[in-house]
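Report on the structure
Next come the chains, spelled out residue by residue.
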Amino acid sequence: MHIMEGFLPHPWWEIWFAISLPVVAYGVYKMNQLVKEQRDSLPLLAVAGAFIFVLSSLKLPSVTGSCSHPTGTGMGAILFGPWITSVLATIVLVYQALFLAHGGLTTLGANVFSMGIAGPIVGYLVYKAAMGSRLNLYLAVFLAAMLADWATYLVTSIQLALAFPAATGGFLASFKAFALVFAVTQVPLAIVEGAVTALMFKYIFQLRSDVLLRLKVITPATVSRMKEASL
Amino acid sequence: MHTLLDDYAQCNALKDVSPKVKLLLGLGSILICISSSTPAAPLFVAVSMSVIIVGIARVPVRFYAKLLLIPLSFALLSSAVVAFMHGTGTPVFSLSVLGLDLSVRDDGARLAALLIARTLGGMCSLFFIALTTPMIEIFSVLKSIRVPEVLLELSMMIYRYIFVFLDQAAMIHNAQTMRLGDSSLRTSVNSFAMLCSVLFLQAWEQGERLIVAMDARCYDGRLDLLHQSSRTSARSVMIVLAYLSVALAVAVLTREYQLL
C-alpha cells in the first residue's frame, strides 16, 4: 500500500513528514545505543534491512490476481521491535522508491508512517499481548503480521481520506470509500502474509531457534514448552 | 528475475553529470508537479522528463514504458474514489449501484484528472533520479548534508546485500518452480514461506560472517566513501534552472485555465 509520488497535495505531505520524523529520529537514537552496546548488531541489522527489501520485491502467491507484495512490517516488528523497524522501513522505502518505483519521495513521510510506524506498532503490541496470554507462538505471529498489514492499509486509507474528504459526508464517507476499494486487494493479501510469516517462523524455529532467542523474540521457557509439545 | 532501476543508473548517458544537479532537477520538478493547480505543468514535466530519460540518458524505450505502468493501478483506483466522492458541481456522469446513487461531478472529475497528472509527472521525475543517479553518488550527497553516520552506514550495507539476496531468492525460486512448488495456492504459500525462512537464515549467517570479515579488516565503526570528483559545472546548473523556470512558468500561466 504505497502512496505514489505526487498523489498527496500540500500541506499533507509535509504534515506526514513532520509526524514521522521524530519517530524515526528516536529509532536512530535507539539504534545508536544498541550499536554502542553490541558492536556486531549493525551488520545484522543491515542484512535484516536487505532481507525486508528483497521480501517486499517478491510477488506473494497471488489471490486476487493483483500485484501483491508482502510488506514484512509485522515480521520486522516482531524481530526488532517497532523503533528499529521504523528506521529499517524508512531506508527500505527509499530503496523501493528508487529501485522498484513503489512509492515516492514527497509521499515518503506518509508511507513511513503507515508502513514503518503504525503497522509495526500494531504488530508488536499484538504479538506481545498474544504471547502474554500464552497463545501458541505461530498463532501469535500470524495475528501480528496480519493485523500489522491491516493497520497499514487502514492508515493509508485515513491518509488519503484526510487529504481528499468527500463533499457530502466529509472525511468519514471518503475513508469508507478508500477502505472499501483497497479492501479487495489488501484483506486477502494480509491473510496470506500472516500465514507466510507464521510458517516462516516455524522453519526458523526448527532450524535456528538460537537466533530468535538472541533477538529476545521468544524466551527459553517458550522454547522448552514448544519442544515438549512436539515430542 | 528482477531488473532494478539501479541497473540503468550505473550505465546511462548522464551518469557523469554531478549528482547534485540531477537531484536538483528531479526534486525541483516533483515540487512543481505537486504544487501546480492544473494538469498542464505536471503533464509538461511528464513529457519532458520522458524525453530526457529516453532521448538523453538513453534508457531503452520498452523498459521505460513498462515502468510507467507501475503507478497506474494505484493512480486510477484512488483517483476514481476521489472523482466519485469529491465535488459539488453539476454531475457529468452518474450511475446507480445497488440503489446507491453515484455520480461524478465536474469539480470531482477535474481533481481526479489533476491527481493522475501529478502522479504521472511526479513518477517521471522520480524515474529520472532513479534511472540516472547511481546510489553511491546519492550517498555522497547525503553525507555532505550531514545525514547521521549510523543511518548512512546501515543504508550502504543494506544496499550491498540487496543484490546478494536477490540472487539467492531467484535461485531458490527457480528450484522451487522446477519441483512444482507453486502448482496450487497451498503449495505456493508453503514454498514462499520456505523461501523466506531460508533467505532469512542465509542472511543472518551472512551477517555473522560479515562481522568477522569486517573485524579482520580493522572495522572501527566507520565506512569511508571514495568521493568521485564529478564537478558541478556551471553550464549544467544553468540548464537545469532554465528548465525548472519554464516548468514553473507553465504552472503559473495555466493556473486559471480549466480543461472541463
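Residues numbered from 1 in each chain as written. Chains lettered and ligands numbered in written order. Predicted model: local features only at pLDDT ≥ 70, side-chain atom pairs only at ≥ 80, totals over all residues. Heavy atoms only, no water.

1. A look at the overall build of chain A
Counting secondary structure elements, chain A contains eight helices and zero strands. For chain A, the N- to C-terminal ordering of α and β elements is α-α-α-α-α-α-α-α. Based on the C-alpha atoms only, the size of chain A along its principal axes is roughly 60 × 40 × 30 Å. Burial status across chain A gives 62% buried among its 231 residues. When contacts within chain A are restricted to residue pairs at least 6 apart in sequence, long-range pairs at least 24 apart make up 71% of them. Per element, the accessible surface of chain A, about 8,500 Å² overall, is 69% carbon and sulfur. The average position of the 13 basic charges and that of the 8 acidic charges among the side chains of chain A differ by 8 Å. (Helix = DSSP H or I, 4+ residues; strand = E, 2+ residues; numbered from the N terminus. Buried < 20%, exposed > 50% of the residue type's maximum accessible area, 1.4 Å probe, protein only. Contact = heavy atoms within 4.5 Å. Areas by Shrake-Rupley, 256 points an atom, 1.4 Å probe, with all protein chains shown as cover. Lys, Arg positive; Asp, Glu negative; His and termini not counted. Charge placed at Lys NZ, Arg CZ, Asp CG, Glu CD.)

2. Let's talk about the interface of chain A and chain B
Across the boundary between the two partners, chain A contributes 71 residues, which contact 72 residues of chain B. Approximately 6,400 Å² of surface area, both sides summed, lies buried where chain A meets chain B, with 84% of it carried by carbon and sulfur atoms. When the buried area of chain A at its contact with chain B is split by residue, A:F7, A:L98 and A:F99 rank highest and sum to 11% of it. Taken together, the links from chain A to chain B amount to two salt bridges. (Buried area = accessible area lost by both parts, 1.4 Å probe. Salt bridge = Lys/Arg side-chain N within 4 Å of Asp/Glu carboxyl O.)

3. A few points about the environment of B:Q202
Residue and element names in this part refer to chain B. Summarising the element assignment, Q202 is placed in helix 9 (residues 185–216). Take Q202: its relative accessible area is 31%, and that puts it in the partly exposed class. Spatially, the C-alpha atom of Q202 lies 27 Å from that of Q10, the residues being 192 residues apart in sequence.

4. A few points about the side chain of A:Q159
Inspection of the secondary structure assignment puts A:Q159 in helix 6 (residues 137–163). Contact partners of A:Q159, with chain neighbours within four places excluded, come to A:I3, A:L8, A:W16, A:A110, A:F113 and A:S114.

5. Concerning the packing of aromatic side chains
As enumerated under the stated definition, the model contains 21 aromatic pairs over all chains in all. Relative to A:F99, the ring of A:Y95 has its centre 5.2 Å away and its plane inclined at 10°; by these criteria the two rings are stacked. Taken together, the positions of A:Y95 and A:F99, both in helix 4 (residues 82–100) and four residues apart, correspond to about one turn of that helix. A:F99 carries the same exposure label as A:Y95, and that label is buried. Ring plane angle 20° and centroid distance 6.0 Å describe the contact between A:F171 and A:F175, whose orientation is recorded as stacked. Residue A:F171 and its partner A:F175 are located together in helix 7 (residues 170–214), separated by four residues, close to a single helical turn. A:F171 sits in the partly exposed class, given a relative accessible area of 31%. Aromatic ring contacts, followed pair by pair, group A:F53, A:Y95, A:F99, B:F139, B:Y159 and B:F163 into a single cluster. (Phe/Tyr/Trp six-rings, centres within 6.5 Å; stacked < 30°, edge-to-face > 60°.)

6. A closer look at the domain arrangement of chain B
Accessible area lost upon the coming together of the parts is a frequently used measure of interface size. Residue and element names in this part refer to chain B. Looking at chain B, the domain boundaries give domain 1 (2–133 + 230–253) and domain 2 (147–216). Distance from the C-alpha centre of domain 1 to the C-alpha centre of domain 2: 33 Å. If you look at the interface, domain 1 gives four residues, while domain 2 gives four residues. Connecting domain 1 to domain 2 are zero salt bridges. Residues that form the side of domain 1 that touches domain 2 fall into these classes: one nonpolar, two polar and one charged. (Domains from an automatic or database assignment. Nonpolar A, V, L, I, M, F, W, Y, C, P; charged D, E, K, R; others polar.)

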